Amino acid sequence: MGRLFGTDGVRGVANRELTAPLAMDLSVAAARVLGEAGVFKGHRAMAVVGRDPRASGEFLEAAVAAGLASAGVDVLRLGVLPTPAVAYLTRTLNADLGVMLSASHNPAPDNGIKFFDRSGFKLADEIEDAIEAHLGESWEPPTGADVGRIRDAEGATEQYIAHLLSTLAGSLEGLRVVVDCANGAAATVAPEVLRRAGAEVVTIGAAPDGLNINSGCGSTHLEALQEAVVKHGADAGIAHDGDADRCLAVTGAGEVIDGDQIMAILGLELREAGLLADDTIVATVMSNLGFKLAMREAGVNVVETAVGDRYVLEAMKEGGYTFGGEQSGHVIMLEHGTTGDGVLTGIHLLAAMARRGRPLDELAKLMTRLPQVLINVRGVDRTRVKDSAELAAAVAAAEAELGETGRVLIRPSGTEPMVRVMVEAASEDQAQAVAERLADEVQKIL
């Protein structure tokens, strides 16, 4: 059996792989591990629990709360809120543990569990391993007054909204914005923050029913946002995913602005304000080569990590950096939050437009995005991919063909059972041809 925790918590099809008993057992194990580590020493333990609006989140929330309370931890239910809100409130409410129930950009049948420490950071790998090791162990549960109590939070959403607005130095007045909330956790927060910041707001994907999350909307389905921006004559569009830790954007002409372009814009804004630590941005190996070339030209260093916002954050903390993210739209502004925050990213991107008095497409011209093709190959043995001499030879030949204007990246997904083949090249046709050739080589390893 592989490791239960992936790069972003525990995920699976709700009620099949991620069941109520597993959610309860994980919560009990987390409480026991933190208790043994002395996190609860000297006070009564408290945890906050939030979720996105998936239907399965209702019973998983109940299971998590039951598990924690049975282990002697008081539980404060936050209700439906973005993942970064749970991370923020874990810290500001002085909770010992934060729990978020979400499968991010995945479809409605999936769900997941993420744990945060009392500082609002995701738990370290070694703590997750200890939680997994405690699953199914016999233990002596508390009784009487020592069991945890469960109650609903008051004012949590407002507290998070106030935090986001406090990070802005200016107004968004004069901007018309379309925001796509992915029928997810941002449906209430994102439009309200934008309105209070001064923008004229049009919302789509803001009517979650528990089953329509990420369905034809949000950061993984930008067509609806592109159409709405053009239809309403908006200055820009902002797209979030189901738990609102991502942000992608659309220009007034309907062109997509990805996470690399957003990082380029905000990174240079931070540097000009003297807020970009060591003139460095942390990005993953998936970031477009065009981003790295543009940052080099601008005198900004780029530190590369493995794919996953947790690895970006680890590098930021280790190096003392304040800004980083992923091409997918996870952007971490460590001065304001401990995890990727789509709403925070969106308002700061719009603030850059308002401050500069320039449209988004002009701001994005500071980097040229090289054509990038990504092919997902399912059902492949990851170990055999890594050890294949034939594939290594094919990759070497492709890299020689691409030269300095392209690159190849083949890696297993951290959240899904597939191998990703990514190729960048000087032209779309070349990138597509090389990617298809390498995907065929990967397929042979089945």
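Right above here is the structure, for reference.
Now for a look at the structure at hand.

How each quantity is defined
Residues numbered from 1 in each chain as written. Predicted model: local features only at pLDDT ≥ 70, side-chain atom pairs only at ≥ 80, totals over all residues. Heavy atoms only, no water. Helix = DSSP H or I, 4+ residues; strand = E, 2+ residues; numbered from the N terminus. Expected span 1.5 Å × (residues − 1). Buried < 20%, exposed > 50% of the residue type's maximum accessible area, 1.4 Å probe, protein only. Arc of directions from axis to C-beta. Contact = heavy atoms within 4.5 Å. Pairing = 2+ DSSP bridges. Axes fitted to C-alpha atoms, helices over the stretch in contact; angles between N-to-C directions. Polar contact = N/O pair within 3.5 Å; in protein donor to acceptor, adjacent residues only side chain to side chain. Parallel < 35°, antiparallel > 145°, perpendicular 65-115°, else oblique.

## Section: helix H14 (residues 389-402)
- Here H14 spans 20 Å end to end across 14 residues, near enough to the 20 Å set by a 1.5 Å rise per residue.
- Those residues of H14 that sit buried are Leu391, Ala394, Val395, Ala398 and Leu402. Along H14, the residues classed as buried sweep out an arc of 100° about the axis, all on the same side. Facing away from the buried side of H14 by over 90 degrees, the exposed positions are Ala389 and Ala400.
- A positive phi of about 65° marks Gly403, the residue just after H14.

## Remarks on the side chain of Ser287
- Relative to the helices and strands, Ser287 resides in the loop between strand E12 (280-284) and helix H9 (289-298).
- Leaving out residues up to four positions away in the same chain, Ser287 has contacts with Asp260, Met263, Lys292, Gln327, Arg407 and Glu424.

## Here we look at the sheet that holds strand E17 (residues 407-412)
- As summarised here, the arrangement of the 3 strands in space is E16-E18-E17, forming an open sheet in which the pairing is antiparallel. Every interior strand has two partners, whereas the edge strands, strand E16 (372-378) and E17, have only one. The average undirected angle you get between the axes of adjacent strands in this sheet is 15°.
- The pairing of E16 with strand E18 (residues 418-424) spans 7 bridges and is antiparallel. From the neighbouring strand, Gln372 faces E18, where its bridge partner is Glu424.
- Packing of helix H15 (residues 428-443) onto the sheet brings it into contact with E16, E17 and E18, and relative to E16 it is tilted by some 15°.

## Some words on helix H8 (residues 259-272)
- For H8, with 14 residues, the first-to-last C-alpha span of 20 Å sits near the 20 Å given by 1.5 Å per residue.
- For H8, the set of buried residues is Gly259, Asp260, Gln261, Ile262, Met263, Ala264, Ile265, Leu266, Gly267, Leu268, Glu269 and Leu270.
- A side-chain oxygen of the first residue of H8 lies 3.1 Å from the backbone nitrogen of Asp260; this N-cap is Asp258.
- Of the residues flanking the end of H8, it is Gly274, one or two places downstream, whose phi is positive at about 75°.

## A word on the packing of H14 against H15
- Interhelical geometry of H14 versus H15 gives an angle of 170° and a closest axis separation of 10 Å. Considering the angle they form, H14 stands roughly antiparallel to H15. Residue-level contacts link Leu391, Ala394, Val395, Ala398, Glu401 and Leu402 of H14 to Gln430, Val434, Arg437, Leu438, Glu441 and Val442 of H15.

The values reported here are purely geometric and, on their own, carry no functional implication.
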